[in-house]
Every structure is written in C-alpha cells, then in structure tokens.
Amino acid sequence: MDRQFPESLNQGKITKGKSEESDSKKQSPCPFSFASLELLSKYGSRMKRLNGKQLNKQSYSSTGSSIDGHKLSTVEIMKIARARYIQESSCDISALIHPYQFGLSSKATKDVELVLLLLVSAEKVVNQQFDRARRLLSACDHTASYIGNPVQRVVYYFAEALQKRIDRETGRVLSEGRECKVPLLDEEIARVQPSTIAYQQNLPFYHITKFAGTQALLDSMALAKRIHLVDFLIGSGCHLTILMQALAVRNECPLEILKITAVGMKSKEMIEDTGRRLLSFADTMNLNFSFKVVMVSDMRDLSEDLFELEAGEAVGIYSSLFLRNFLAHPSHLESLIQVIKNLRPVVMVVTEVEANTCSPDYMVCFIEALFFYGANFDSFEACMGSSDPDRMLLEGGYFFRGIQDVITSEVKERITCHMKIDGWRAFFNRFGLLETELSMSSLYQADLVAKGFARGSCCSLDMDGKCLLVGWKGTPIFSLSAWKFNYEEEKRTVE
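Residues numbered from 1 in each chain as written. Predicted model: local features only at pLDDT ≥ 70, side-chain atom pairs only at ≥ 80, totals over all residues. Heavy atoms only, no water.

Caption draft 1: Quick peek at the overall build of the protein chain. Counting its secondary structure elements, the protein chain contains 19 helices and eleven strands. Of all 495 residues assigned to the protein chain, the portion counted as buried reaches 55%. A fraction of 79% describes how many contacts in the protein chain between residues 6 or more apart in sequence connect residues 24 or more apart. Surface exposure of the protein chain reaches about 21,600 Å², of which carbon and sulfur atoms provide 49%. (Helix = DSSP H or I, 4+ residues; strand = E, 2+ residues; numbered from the N terminus. Buried < 20%, exposed > 50% of the residue type's maximum accessible area, 1.4 Å probe, protein only. Contact = heavy atoms within 4.5 Å. Areas by Shrake-Rupley, 256 points an atom, 1.4 Å probe, with all protein chains shown as cover.)

What follows is the structure in structure tokens.
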C-alpha cells in the first residue's frame with residue numbers, strides 16, 4: 001500500500017488554525033536554555049508517535065510588494081527580475097527596466113529594477129567588464145541598504161561582495177569611492193553567539209529539523225538497549241536533551257546506556273562544556289550516560305578506532321550542517337563517509353542547506369545564493385522585525401560572510417559549499433547508502449513545531465522523494481534525510 005502523507009505537506013505549506021495576527025499576539029518563541037528547559041516542557045510531550053491525525057490546509061500569507069493585489073515575497077521579486085534578465089539578456093540595461101512591468105506596483109518595480117542591476121553587475125564581473133560592473137553597483141547604492149526592506153538588504157550585501165570580487169580581480173585592496181557600512185564591529189563579534197540563539201528562538205527552521213531529525217533517530221533505534229550516537233557539530237546539544245528525555249521514558253525497550261561521541265575540529269572547550277551540561281541533564285533523567293569528545297585537525301585523520309565501540313551497541317549518526325564544510329575538499333568528505341561506513345550505523349540523519357553553490361558556473365551559484373539568502377532575509381523580516389539588533393548582526397556578520405564566500409571565491413577556495421538533495425543522493429550512492437523514509441511521526445513533529453511559531457504558516461514543508469524540505473514561502477532552505485548502508489548488497493558483491 002502506498003504511503004500517504006499529510007495533505008498540508010503535499011501542498012508544501014504549514015497550516016494554522018487561526019490567523020497569523022492572532023497567533024503573533026499570543027506566541028512567544030521557546031527560550032533556548034538548558035536551565036529553564038522550557039523547550040522540553042513545551043514540545044517534549046510530542047516526542048511520540050502520532051497516528052491518524054489529519055492536518056488542515058491553509059495557504060500562507062506574505063509581506064512585501066504586490067502584483068495585481070497579490071503580496072510578493074522577496075524570492076518572488078527576485079524570480080521576476082531573473083525572468084526579465086534572461087528574456088532580455090542581450091539588451092542594454094536601460095532596455096531591461098521600465099516602470100510598472102508585469103502589472104507591478106511602483107514599489108515592486110523598484111525592487112525588481114534593483115535586483116536586475118545586481119544581476120547585470122554580476123554578468124559584467126563574469127565577463128571581466130569591471131568598470132561597467134562598478135558603475136552598475138554604484139547605481140545599486142542609491143536604493144540598496146542594510147536597513148531597508150529584505151530585497152534592499154540582500155542586494156546591499158551581494159553588491160558589497162561583488163565589489164570585493166572586483167577588487168580581488170583587479171588587485172585593489174580597497175574600493176575607490178565606496179565605503180562598506182556593514183554593521184559588524186570587533187566588539188560585536190562576541191555577540192554572534194547570542195544572535196545565533198535569537199535566530200534559533202525566533203525562526204522555525206532550527207527546531208523543525210532538530211525535532212524531526214531526533215524522531216528519525218528514535219524510530220531507527222526503537223529496539224536498541226545500548227545506543228551510541230555520534231554527533232558531528234554538536235553545538236549546544238539542545239537536540240540531545242530531546243533525545244534523552246524520550247529515551248528516559250521509553251517503556252517498550254528500556255535503555256541500558258546512552259553514549260554520545262561528539263566529533264569536532266575546533267572549540268574543544270565549548271564541546272566539553274556541552275558535555276557537562278548533558279551529563280547534568282542525564283542525572284535529572286536518571287539516565288545511564290557517557291560523553292566523549294573526538295578532536296581532529298584534519299578529517300582524514302579520523303578513524304573508527306577513536307570511537308571505542310563496544311559489542312551490542314546500536315550506532316546512530318547525526319550530522320547537521322556539517323558535511324557541507326568538505327564539499328570543496330572531496331578527499332576529506334570521502335574519507336569521512338568511509339569512516340562512518342566502518343562504524344556500521346543503523347541510521348545516519350543528515351540536515352543540509354538546500355541550495356547549489358558548487359556549480360562551476362558562476363551565475364548559477366550567484367542566483368542560487370541570491371534565492372537562498374533572499375528567503376532567509378524575508379524570514380528575518382517576518383520573525384525578527386526591521387530593527388532587531390540580533391537580526392542586524394546575523395545579516396551583517398554570519399550571513400554576509402556566507403555571501404562573500406560564494407561571491408568572492410572560486411569553488412575550491414570556499415569555506416563551505418552547498419549541494420541540493422539530488423547531489424547528496426548521487427554522492428551517498430557511491431558508498432552504498434540507501435535513503436530511508438522519514439516516519440509519519442517525524443513529519444508530524446515538523447508540522448507541530450512549525451505551528452508553534454507565530455509565522456509558522458509561512459514555513460513550507462515539502463517531500464522530495466523520501467527527504468523533507470524545510471523552506472520559507474515555498475523556497476527550500478534545508479533538507480532533512482535519513483540513510484542506511486546497504487551492507488547486504490556489499491556482502492553479496494564480495495561473495
């Protein structure tokens with residue numbers, strides 16, 4: 001019998017029982033704190049299987065410019081600009097821009113014009129027409145602003161990154177006549193972590209992937225009494241408190257021990273601090289628990305011997321936004337996956353960015369990044385407000401660095417690259433990894449968590465085969481997938 005998915009998931013929309021306006025008045029984002037454990041008190045009871053519940057369908061509303069009365073999202077504005085750019089790519093820039101194109105309002109037209117200027121600027125950079133690119137970027141300056149609407153903010157940071165690319169190509173250290181006003185001062189860098197916490201609190205993406213991913217781990221290890229979880233990029237470990245609470249109250253197959261091995265390449269003290277908090281939390285749950293840190297400076301130095309596996313352990317792998325760090329260095333990534341394979345895990349749960357910035361085609365990467373950051377900046381506008389200081393730091397710090405990484409560097413030079421789920425499928429297939437379905441419980445966890453946010457109806461959930469895509473107003477931002485190694489096929493091949 002074919003598996004049926006919730007109707008709202010098929011439609012790619014999160015539904016809400018009441019209007020966003022009423023929800024926003026009563027909703028407060030769950031605090032991200034081990035001390036208060038309010039995250040667990042709010043969502044912990046949902047860590048169980050949900051059967052037979054149908055979800056309602058309701059379209060999300062968007063904020064921004066309009067076309068024939070329809071409110072356009074930031075990405076929709078960008079897609080209109082891209083369509084116009086492709087249609088008239090051989091024309092002079094003055095022929096591309098006419099007021100009130102496509103029935104747009106004057107505000108929407110200005111936003112489309114701004115994105116068009118940016119796209120043509122990028123094309124000129126690709127063609128090494130740097131003087132023309134500079135003039136176009138100068139025209140962007142008249143409208144783009146890091147304190148403007150989402151379109152203006154995204155264009156501002158992309159224009160700054162393009163200028164840095166021009167400076168690099170032409171050997172200039174500083175841009176003549178341009179002053180970068182990115183609000184990231186030395187004393188503010190220390191606040192990046194609190195700003196990241198604010199992002200996790202106010203936007204639904206983090207909690208959706210954590211809860212649904214944790215449920216996928218629980219489903220695959222439901223009968224295991226001795227669990228060994230290997231966590232890459234453990235961060236604060238909040239998701240592990242969810243796992244621990246669920247295991248502590250599991251009656252069908254009581255847990256004997258939970259072992260967590262955190263793998264890191266830097267910030268050992270922070271990882272050890274996370275371990276101490278998890279140990280303290282395990283005590284409150286009366287859970288037999290051990291924690292170990294494995295540090296390597298080069299992922300090629302990682303080996304299965306470092307994990308101290310014991311007989312009878314069920315090994316699970318949790319990787320959230322970690323594998324992308326090695327896409328620019330294939331040998332490192334291949335070595336990592338081979339080590340994971342040798343651990344013989346029962347499941348590997350992976351969260352990655354759903355964008356393609358690994359293409360050798362610069363304009364493909366540019367537009368992919370534009371849409372990805374456009375969707376993120378649109379979500380900031382809805383969930384954090386225009387003048388939120390944490391938003392300003394996120395956009396001008398973490399996200400601007402990501403934009404610069406794509407725009408100013410060649411693929412092999414980038415700190416991180418992103419690949420869509422189809423690319424991961426092709427890569428994992430080389431190692432005998434088989435994608436496994438996320439349970440209905442995982443999908444309902446995603447839906448329920450999204451509904452707990454004031455703007456959860458703007459968050460879209462789509463199924464791409466067996467993978468869950470988490471996005472904003474229809475634009476995918478993250479992918480969540482579960483994998484198992486096909487050891488039986490490997491055994492038959494050897495025989």
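Don't stop here, the text continues.
Caption draft 2: Just helix α17 (residues 421-429), in detail. Every buried residue of α17 is accounted for by Ile421, Trp424, Phe427 and Phe428. For α17, the angular spread of the buried residues around the axis is 120°, confining them to a single face. Exposed side of α17, more than 90 degrees from the buried face: Asp422 and Asn429 are the residues found there. Summarising the contacts, the buried residues of α17 are in contact with α14 (330-342), β7 (347-353), β8 (433-436), β9 (459-464), β10 (467-472) and β11 (475-485). (Arc of directions from axis to C-beta.)

Caption draft 3: Expanded view of the pairing of strand β4 (residues 257-264). When you tally the buried positions in β4, you get eight out of eight residues, the bulk of the element. Burial along β4 is two-sided: Ile257, Lys259, Thr261 and Val263 facing one way and Leu258, Ile260, Ala262 and Gly264 facing the other are all buried. On the question of chirality, the crossover connecting strand β3 (residues 226-232) to the parallel β4 by way of helix α12 (residues 238-248) is right-handed. In this fold, β4 hands off to helix α13 (residues 268-284), which returns the chain to strand β5 (residues 289-295); that crossover is right-handed. (Right-handed = clockwise from strand over helix to strand, strands pointing away.)

Caption draft 4: Structural context of the packing of aromatic side chains. Applying the stated criterion across every chain, the model contains 24 aromatic pairs. Ring geometry for Phe158 against Tyr373: centres 6.2 Å apart, planes inclined by 70°, an arrangement best described as edge-to-face. With Phe158 in helix α8 (residues 150-170) and Tyr373 in helix α15 (residues 362-384), the pair connects residues that are 215 residues apart, well separated along the chain. Of the two residues, Phe158 and Tyr373, both sit in the buried class. (Phe/Tyr/Trp six-rings, centres within 6.5 Å; stacked < 30°, edge-to-face > 60°.)

Caption draft 5: Spotlight on helix α18 (residues 440-451). The terminal C-alpha atoms of α18 lie 17 Å apart, and with twelve residues this matches the ideal 16 Å at 1.5 Å per residue to within 8%. Counting buried positions along α18 yields ten of twelve residues, so the element is predominantly enclosed. Ser441, Ser442, Leu443, Tyr444, Gln445, Ala446, Asp447, Leu448, Val449 and Ala450 are the residues of α18 that are buried. (Expected span 1.5 Å × (residues − 1).)

Caption draft 6: Structural context of the pattern of salt bridges. Inspection of the entire model under this criterion finds 24 salt bridges. Across the pair Glu313 and Lys259 runs a salt bridge, and its minimum N-O distance is 2.6 Å. Pair noted here: Glu313 is in the loop between β5 and β6 (314-320) and Lys259 is in strand β4, with a separation of 54 residues, a long-range link. The burial state of Glu313 is the same as that of Lys259; both residues are buried. Of the charged contacts, one joins Arg391 and Glu381 as a salt bridge, the two residues approaching to 2.7 Å between their closest N and O atoms. With Arg391 in helix α16 (residues 389-408) and Glu381 in helix α15, this residue pair connects regions lying ten residues apart in the sequence. By relative accessible area, Glu381 is classed as partly exposed at 23%. Overlapping salt bridges bring together Arg226, Glu256, Lys259, Glu310 and Glu313 as one network. (Salt bridge = Lys/Arg side-chain N within 4 Å of Asp/Glu carboxyl O.)

Caption draft 7: Quick look at the confidence of the model for the protein chain. Residue-level pLDDT values for the protein chain average 82, and 78% of them are 70 or greater. Counting interchain partners and residues more than four positions distant, the pLDDT-below-50 stretch residues 175-192 has 32 contacts. (pLDDT = per-residue confidence, 0-100.)

Caption draft 8: Spotlight on the side chain of Thr408. Relative to the assigned elements, Thr408 resides in helix α16. Note on Thr408: relative accessible area 13%, which makes it buried. Among the polar contacts made by the side chain of Thr408, one reaches the main-chain carbonyl oxygen of Gln404 at a distance of 2.5 Å. (Polar contact = N/O pair within 3.5 Å; in protein donor to acceptor, adjacent residues only side chain to side chain.)

Caption draft 9: Inspection of the pairing of β5 at higher detail. As defined by bridge partners, β4 adjoins β5 across seven bridges and the pair is classed as parallel. Residue pairing across strands places Lys259 opposite Ser290, the latter belonging to β5. (Pairing = 2+ DSSP bridges.)

Caption draft 10: Highlighting unusual backbone geometry. Its identity is not glycine, yet Leu233 carries a phi of approximately 65°, on the positive side. Structurally, Leu233 is set in the loop between β3 and α12. Phi at Lys473 takes a positive value of approximately 50°, unusual for a residue other than glycine. Assignment of secondary structure puts Lys473 in the loop between β10 and β11.

Caption draft 11: Inspection of the packing of helix α4 (residues 74-87) against helix α6 (residues 106-126) at higher detail. One can describe the packing of α4 onto α6 by two numbers: an axis separation of 8 Å at closest approach and a directional angle of 55°. Taken together, the axes of α4 and α6 lie oblique to each other. Both α4 and α6 take part in a crossing whose hand is right-handed. Taken together, the residues of α6 that come into contact with α4 (itself represented by Ile77, Met78, Ile80, Ala81, Arg82, Arg84 and Tyr85) are Ala108, Asp111, Val112, Val115, Leu116, Leu119, Val120 and Glu123. Considered class by class, the residues forming the contact of α4 with α6 number eleven nonpolar, no polar and four charged. (Axes fitted to C-alpha atoms, helices over the stretch in contact; angles between N-to-C directions. Parallel < 35°, antiparallel > 145°, perpendicular 65-115°, else oblique. Left-handed = near helix turned anticlockwise from the far one by under 90°. Nonpolar A, V, L, I, M, F, W, Y, C, P; charged D, E, K, R; others polar.)

Caption draft 12: How the structure looks around the packing of helix α7 (residues 130-141) against α8. For the pair α7 and α8, the least separation of the axes is 10 Å and the interaxial angle reads 155°. One finds that α7 runs roughly antiparallel with respect to α8. In terms of crossing hand, the pair formed by α7 and α8 is left-handed. Across from Phe130, Ala133, Arg134, Leu137 and Cys140 in α7, the residues of α8 making contact are Val155, Ala159, Leu162, Gln163, Ile166, Asp167, Glu169 and Thr170. Broken down by class, the residue content of the contact of α7 with α8 amounts to eight nonpolar, two polar and three charged.

Caption draft 13: Spotlight on the environment of Val293. Within the secondary structure, Val293 is located in strand β5. Residues Val293 and Thr261 lie 32 residues apart in sequence; the distance between their C-alpha atoms is 5.7 Å. In this structure, Val293 is in contact with Ala262, Lys268, Ile271 and Glu272, ignoring residues within four places of it in sequence.

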